[in-house]
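# Close look at the chain arrangement
Here is what each chain is made of, one letter per residue.
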Amino acid sequence: MKYVSITLSIACLLASTCDAGAAFVVSSPQPSTQTTSSFLGKKDSALLTPTTSQISKTSLFMVRKGVEKGLELKKKQEVLKKLNEGYVPSKAQRFNKWEELLDPEYTPQVTDKIAIVGAGPAGLHMAFKLNELGFQHVTVLEKDVRIAGKSFTEYIYEKEVPQEFGTCYTIPYKYQELRRIAAATGNVFFEEIPVPERHVYADYTDKEPITQTEWLISSKKKKFPFRLLPDFASEIAVAVDMLRFIRKHDSLFAKPINDIISATNMDLKAWLIKNGFDDLIPVISLANTVQGYGYIDHVPALYGLWWNAPAEIEGFLATKLRMVKQPASILRNGFVQYWEWIYNSGRINVKEGFEISKMERSDDRVVITTKDGHKYDYDFCVITCNLKDALQFLDARPEEKEIFDGLQDRSNLITTLFSCQHSTDPVAISSWTTSLDPQKQARLMTVRNSAKIFFPEDVGTRDRDFLISYQYVEESRPNTTEYRQELEATLLNDLKAAGFQDIEIHEQKVWPYFQRWTQEGLNKGLPVKLMRRQGGLRTWFAGASTLFESVHDCMEYNLALTSTIDKQRSENGRFMRSVATAVTPQETSATESVNEEKIRVEKR
Ligand SMILES: Cc1cc2nc3c(=O)[nH]c(=O)nc-3n(C[C@H](O)[C@H](O)[C@H](O)COP(=O)(O)OP(=O)(O)OC[C@H]3O[C@@H](n4cnc5c(N)ncnc54)[C@H](O)[C@@H]3O)c2cc1C
């Protein structure tokens, strides 16, 4: 009779999933935690892995019936919809702990003359935010002749199709600040187009792609007993793993920073195995590596978990369970247009081609000397270029030197625009899972045909397709012609093997990606030390190397820094109000005594 109890228990487990979702309150501050905690008791998860001998043919039939009865697709979608609607933005889950570390020696004042080094997303956003806060004397100093750093879009060959060589995607539960500014500036060109689910090939010679969802399910199905169950039972099993992961993530990132660092003192793969998330290794490996964030076998778990946070996992969940919402979007008019809109808004001031040779800071000013010998005086500076590179011009103090020397940028993310004979394959984005192996450095990871995202109906009318490919190299190599030729040769081989025909390579970008602390540096608490130094020597450090390489994270880090201005203002406001309340009672009592006098006179 054991199989009957297994059947019933699985059915109950799935039914309780629905109930938990139905009871879920959208406005709850921690919905994902509440939802997951209600249906993943130890007893239930043990039931998901019975031994072979426990399952007979009849019991399988009953399990199948129980599962089908326990969860109709529609109900399953309702559950996930509620979960998605109630999701708390990631800032609450991750950045609050970093904000708590800020204890600035100096907070910039509205009349200060401020220099921002670097006109990438971090510098441009910081300038815009300071303008919103009323700062009038802010200048962005950019060494290049163009703005936007790693946001690089080209509109060549097919002018109506933006080709993203750098920053590309936004994610539904993140990028709130990006959207807020688009709305605040009336940016009519800001439009997020959902990207279709990527297809996955096992190897380059593999001609049968499967959707990412099918790939996930098939990885799970390989494990007994899911192989024998209907597809949606495997989907649910993956969803259960993901929800358990979200719960674990939420509780980890609610801890003090030092506890987070010590709990993640290992590579991402080791952390996943240690915490029982072996089955999520394929999906997390894909999410991490194809974004250029490194092989999960090598990347420190802190960075891996920073990116693979509930917001991303929720996106996977949503698509996986056939929700309408897509896990990512692409900007219709190109990411670079977003920054140009801000640049042209008249609210920020940028000096291009500005080459700094020296930056000297003291407790009351910052002096910047350019390569052609000009000196500029500022009251405050924000350094947003990569911090290790900043050592070339910065008068770094010993602790700053220790912090920045602990960073490494040995990897490259390579994007290449190529064209090929038009294919009738409707897939817009494809990835090859073979490239997730650290032994396969520089091999073709992903291709994106953006025209198929923007014009899914009329791609058949084009003679040639224009695509962007992605390769990743972890080892340190100087960016020489020889290196670039090697990258191109590897790419061509893989593209040919993958069936692309008549290939022409147009342009290649080798990006340093991304400067981050080693595990040793993290263990020494270097990012924490950096946060504690913010504001000292009239300096803020911002940009991708301070915490994480994404536009969302750069913006959130900026917001953490500028929150100190708000905090100081509200403290001053409290002070002013307390002065005001100290005055008001005297005035009131004076008025009252006048009134009392008046009453007395009238009575007389
Ligand atoms: C291929 C690729 C794909 C990506 N995809 C995404 C994505 O889908 N979504 C996402 O959110 N992010 C993505 N990113 C990451 C995102 O582009 C970066 O995180 C972001 O650009 C970082 O902004 P930043 O301002 O910190 O640095 P950068 O963009 O690197 O800008 C730094 C700026 O500082 C300037 N500078 C450097 N040194 C000096 C100096 N000494 N003096 C003056 N100026 C200096 C540089 O010229 C540059 O303009 C991607 C990046 C790449 C390369």
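Conventions used here
- Residues numbered from 1 in each chain as written.
- Predicted model: local features only at pLDDT ≥ 70, side-chain atom pairs only at ≥ 80, totals over all residues.
- Heavy atoms only, no water.
- pLDDT = per-residue confidence, 0-100.
- Contact = heavy atoms within 4.5 Å.
- Salt bridge = Lys/Arg side-chain N within 4 Å of Asp/Glu carboxyl O.
- Helix = DSSP H or I, 4+ residues; strand = E, 2+ residues; numbered from the N terminus.
- Buried < 20%, exposed > 50% of the residue type's maximum accessible area, 1.4 Å probe, protein only.
- Pairing = 2+ DSSP bridges.
- Near = heavy atom within 4 Å.
- Polar contact = N/O pair within 3.5 Å; in protein donor to acceptor, adjacent residues only side chain to side chain.
- Areas by Shrake-Rupley, 256 points an atom, 1.4 Å probe, with all protein chains shown as cover.
- Nonpolar A, V, L, I, M, F, W, Y, C, P; charged D, E, K, R; others polar.
- Core = buried A, V, L, I, M, F, W, Y, C linked by side-chain atoms within 4.5 Å.
- Domains from an automatic or database assignment.
- Arc of directions from axis to C-beta.
- Patch = residues over 30% accessible without salt bridge, like charges linked within 9 Å, V, L, I, M, F, W, Y side chains within 5 Å.
- Lys, Arg positive; Asp, Glu negative; His and termini not counted.
- Charge placed at Lys NZ, Arg CZ, Asp CG, Glu CD.

The protein chain appears in an unreviewed UniProt entry as Amine oxidase domain-containing protein from Fistulifera solaris.

With that out of the way, let us pick up the confidence of the model for the protein chain. Caution applies to low-pLDDT parts of the model: their predicted coordinates are not meant to be read in detail. Per-residue confidence for the protein chain gives a mean pLDDT of 80; residues scoring 70 or more make up 77%. In the predicted structure, residues 86–92 sits below a pLDDT of 50 and forms 24 contacts with residues beyond four places in sequence or in another chain. Throughout residues 579–604 the model reports pLDDT below 50, and contacts reaching past four residues in sequence, or to other chains, amount to 1 contact.

This brings us to the pattern of salt bridges. The tally for this structure, following the rule as stated, stands at 22 salt bridges. Here Glu 132 ties to Arg 180 by a salt bridge, and the two come within 2.7 Å at their closest N and O atoms. Separated by 48 residues along the polypeptide, Glu 132 in helix H7 (residues 121–132) and Arg 180 in helix H8 (residues 176–184) bring together distant segments of the chain. Under the relative-accessibility criterion, Glu 132 is labelled partly exposed at 28%. Put simply, Lys 220 and Asp 279 hold a salt bridge, and the shortest N to O gap is 2.5 Å. Taken together, the positions of Lys 220 in helix H9 (residues 212–221) and Asp 279 in the loop between helix H12 (268–274) and helix H13 (281–289) put the pair 59 residues apart, joining distant regions of the chain. Shared partners join several salt bridges into a network, and the residues in it are Arg 361, Asp 395, Arg 397, Glu 399, Glu 400 and Arg 533.

With that out of the way, let us pick up the sheet that holds strand S14 (residues 380–383). Across the sheet, which stays open at both edges, the 5 strands sit in the order S10-S2-S1-S14-S22 with parallel pairing between neighbours. Of all the strands in the sheet, the pair left with one neighbour each is strand S10 (350–351) and strand S22 (539–541). Bridging between S14 and S22 involves 3 bridges; their strand directions are parallel. Bridge pairing links Ile 383 to Phe 541 in S22.

Below, the discussion takes up the site of the ligand. Around the ligand lies a shell of 30 residues, among which Glu 142, Thr 167, Tyr 169, Tyr 175 and Glu 549 are the nearest. Take Ala 122: an N or O atom from its main chain is 2.9 Å from an oxygen atom of the ligand. Thr 167 places a polar side-chain atom, nitrogen or oxygen, 2.7 Å from an oxygen atom of the ligand. For the ligand, the protein covers 91% of the area, taking 1000 Å² as the surface of the free molecule. Mapped by element, the contributors of at least two residues to the shell around the ligand are H7, strand S16 (412–421) and helix H23 (551–603). Residue composition of the shell around the ligand, by class: 17 nonpolar, 9 polar and 4 charged.

Within the largest apolar cluster, 126 residues are counted, with the highest numbers of intra-cluster contacts made by Tyr 338 and Trp 339. The dominant element in this core, judged by the number of residues it contributes, is helix H10 (residues 231–253), at 7 residues. Each of domain 1 (90–149 + 332–409 + 517–577) and domain 2 (210–327) gives at least three residues to this core. With sequence-adjacent residues up to four places away left out, Tyr 338 is seen in contact with Glu 177, Leu 178, Ile 181, Ala 182, Asn 187, Phe 190, Leu 331 and Met 555. Counting residues in hydrophobic clusters, the runner-up holds 13 residues, among them Tyr 201, Tyr 204, Leu 491 and Ile 503.

The next subject is H8. Inspection of H8 places Glu 177, Leu 178, Ile 181 and Ala 182 among the buried residues, and these make up the whole buried set. Within H8, the buried residues cover an arc of 140 degrees as seen down the axis, which keeps them to one side. Note on H8: the residue one or two positions beyond its end, Gly 186, has a positive phi of about 65 degrees.

Another aspect to go through is the environment of Glu 177. Its location among the elements puts Glu 177 in helix H8. With near-sequence residues (within four places) excluded, Glu 177 lies in contact with His 125, Lys 129, Tyr 338, Met 555, Glu 556 and Leu 559. A polar side-chain atom of Glu 177 sits 2.8 Å from a polar atom in the side chain of Arg 180.

On the surface, a cluster of negative charge is contributed by Asp 103, Glu 105, Asp 363 and Asp 364. Within the secondary structure, Asp 103 sits in the loop between helix H6 (90–101) and strand S1 (114–117). You can call Asp 103 exposed: its relative accessible area is 62%.

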